[in-house]
Number of protein chains: 2
Amino acid sequence: MTEIPSQNDQNGSPRRAPDASAVEIAPRSGTAFELRKGDVLRVIDPEGGQVSDLLAFMAADPREAISNGRTFDYEERIRLTRGHRLWSNRSTPMLEIIEDSVGTHDFLLTPCSEATFRHFYGDKPVHRGCFGNLAEALAPFGIDPDAIPVAFNIFMNVPVADDGSLRVLPPTTKAGDYIRLRALADLVIGLTACSAYDSCGGTFKPIHYRIE
Amino acid sequence: MTEIPSQNDQNGSPRRAPDASAVEIAPRSGTAFELRKGDVLRVIDPEGGQVSDLLAFMAADPREAISNGRTFDYEERIRLTRGHRLWSNRSTPMLEIIEDSVGTHDFLLTPCSEATFRHFYGDKPVHRGCFGNLAEALAPFGIDPDAIPVAFNIFMNVPVADDGSLRVLPPTTKAGDYIRLRALADLVIGLTACSAYDSCGGTFKPIHYRIE
């Protein structure tokens, strides 16, 4: 991870870019950090066309974790955007989406892993994927790989057909698109720049984030 | 749970009913049992209009559990019926659906719980729900309530609209409808007769099952 350098605007005068204080997650990597109740996490797709897997665990007891099933139940929908909340397995709201320049995210699919690389990309080098990156980043917080649930896959474009079949399409994001989520409790967050071919249209790009 | 009595056919001669060896799960209750690799589990809706939440854990290590996200990923669909497999969080196929007289099941929503009763049915008595029933039944197998993932909700009718919104409708099952699943590993199974109002159209009915 590196600090994003400030940029010059069109007039050439130095200014801080909108994400001047953002942190970069390098392509095909991941990180974990604490987010305090009330903090806002901004996740930015700096180049467009990239996906970021987000996990959340309660800082006080990481056995309480983000749950797609509880979220689908309480929000009564599988498509989530501004105004919707992400819920835990113990029925606690953890994060609220307060701004969203994209509106297309996925909460159906698990993080890519060595096994999914072998399954879907048998002709390509195996990568530990977002799952391996998250497992390493979350280990210092006492979170076991088996405790990694389905991630909220920011910017991931997974349409569901009428017959229930899925497709993984390239994200619709443009450079600078972002989502902002407010923490509703003290959390441990896992966050990646996705490693899989399909989810990012065959390209591997960074993700930026900022705690506001 | 009670043994199902044998029945007389239309000619009055005694015979064993098709589910004469089935076990009954009483309305709003649950159970857990071991299923050996190769065994076939038949889950029957004896009256029609009821839902059964199914969980599966590896007998050798129950930290490996059924995962809706891995299943959606490998099967490339959220609607599952004959020929589809249910996968674990470690990317192992656990169960294969080998017969299905209904074709409508849900794998999006978590088991109903005290919290979901308070949320959705504030005017009705709180019930511990399928979650509480599963937690009690699975405790002797060393499975913690926090380790209960999204269940495969047999016969549950949850259409998803184009905008991603969900509805929980009464099951389409008729009396005697069933699903058969083959165990692809030695498993611990949790199974309920659902306790929630919406999922069973406001009625509470038993579920029958048989290990073949």
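Per-chain numbering applies: the sequence of each chain, read as written, is numbered from 1 onward. Throughout, the order in which chains and ligands are written sets their labels, letters from A for the former and numbers from 1 for the latter. With the structure being a predicted model, the display of local features is reserved for residues of pLDDT at least 70 and the display and counting of side-chain atom pairs for 80 or more, all residues being used for whole-chain, interface and lining totals. Values reported for side chains reflect all heavy atoms of the structure, with hydrogen atoms and water molecules removed beforehand.

An unreviewed UniProt entry lists chain A under the name DUF1989 domain-containing protein, with Sphingopyxis fribergensis as the source organism.

**Notes on the overall build of chain A**
Test applied: The way it works is that DSSP assigns letters per residue, a run of H or I at least four long becomes a helix, a run of E at least two long becomes a strand, and they are numbered from the N terminus. Restricting the calculation to C-alpha atoms gives the radius of gyration, and the globule rule supplies 2.2 Å times the number of residues raised to the power 0.38. Think of it in three bands: residues with accessible area under 20% of the maximum for their type are buried, residues over 50% are exposed, and the middle band is partly exposed, with areas taken using a 1.4 Å probe on protein chains only.
Scanning chain A from N- to C-terminus turns up 3 helices and 12 strands. A compact globule built from 212 residues would reach a C-alpha radius of gyration of about 17 Å, and chain A, at 17 Å, matches this within 12%. For chain A, the spread of C-alpha atoms along the principal axes amounts to about 50 × 45 × 35 Å. Buried positions account for 56% of the 212 residues belonging to chain A.

**Quick word on the nonpolar core**
Threshold: The term nonpolar core refers to a set of buried residues drawn from Ala, Val, Leu, Ile, Met, Phe, Trp, Tyr and Cys, joined through side-chain atoms within 4.5 Å. Contact between two residues is taken to exist if any of their heavy atoms lie within 4.5 Å; hydrogens are not considered.
In this structure, Leu95 of chain A together with Leu95 of chain B are the most contacted members of the largest nonpolar core, which totals 117 residues. Non-local contacts of Leu95 of chain B, meaning those with residues more than four positions away in its chain, are made with Leu35, Leu54, Ala56, His84, Arg85, Leu86, Leu181, Arg182, Ala183, Leu184, Leu187 and Ile189 of chain B.

**Considering helix H3 (residues 129–138) of chain A**
The buried count for H3 of chain A comes to 9 of 10 residues, which makes it a mostly enclosed element. Next to the buried residues of H3 of chain A lie strand E4 (29–35), strand E6 (52–58), helix H2 (114–120) and strand E11 (187–193) of chain A together with helix H1 (68–75) of chain B.

**Quick look at the UniProt feature "domain: DUF1989" (unreviewed entry) in chain A**
Heads up, the rule is: UniProt positions are given in the numbering used here, feature names are shortened, and annotations may be inferred rather than shown by experiment.
According to UniProt, the feature "domain: DUF1989" (unreviewed entry) maps to residues 24–188 of chain A in the numbering used here. Measuring from the first to the last C-alpha atom of residues 24–188 of chain A gives 18 Å, for a span that is 15% helix and 27% strand.

**Section: the relation of the copies chain A and chain B**
For the record, the criterion: A least-squares fit on C-alpha atoms brings the copies together, and the residues used are those whose pLDDT is at least 70 in both copies.
Superposition record for chain A on chain B: RMSD 0.0 Å, screw rotation 180°, translation along axis 0.0 Å. Overall, the copies show the geometry of a two-fold rotation axis. Both copies contact each other with a shared surface, as 100% of the interface residues of chain A are interface residues in chain B too.

**A few points about the interface of chain A and chain B**
Heads up, the condition is: The quantity reported as buried area is the accessible area (1.4 Å probe) lost by two parts once they are put together, taken as the sum for both. Every case where a carboxyl oxygen of Asp or Glu lies within 4 Å of a side-chain nitrogen of Lys or Arg is listed as a salt bridge. For this analysis, a polar contact is any N or O atom pair within 3.5 Å, provided that within protein one partner can donate a hydrogen and the other can accept it, and provided that sequence-adjacent residues contribute only side-chain to side-chain pairs.
Opposite the 33 residues of chain A that make contact, chain B presents 33 residues. Taken together, the two surfaces of chain A and chain B that pack against each other cover about 2900 Å², and 51% of this comes from carbon and sulfur. One can count 2 salt bridges joining chain A with chain B. Note that Asp146 of chain A and Arg90 of chain B form a salt bridge whose closest N and O atoms lie 2.7 Å from each other. If you look at where chain A meets chain B, you find 14 residue pairs in polar contact (both at pLDDT 80 or more). Only helix H1 (68–75) and H2 of chain A provide two or more residues apiece to the side of chain A that touches chain B. Sort the elements by how many residues they give to the side of chain A that touches chain B and H1 of chain A lands first, with 6 residues.

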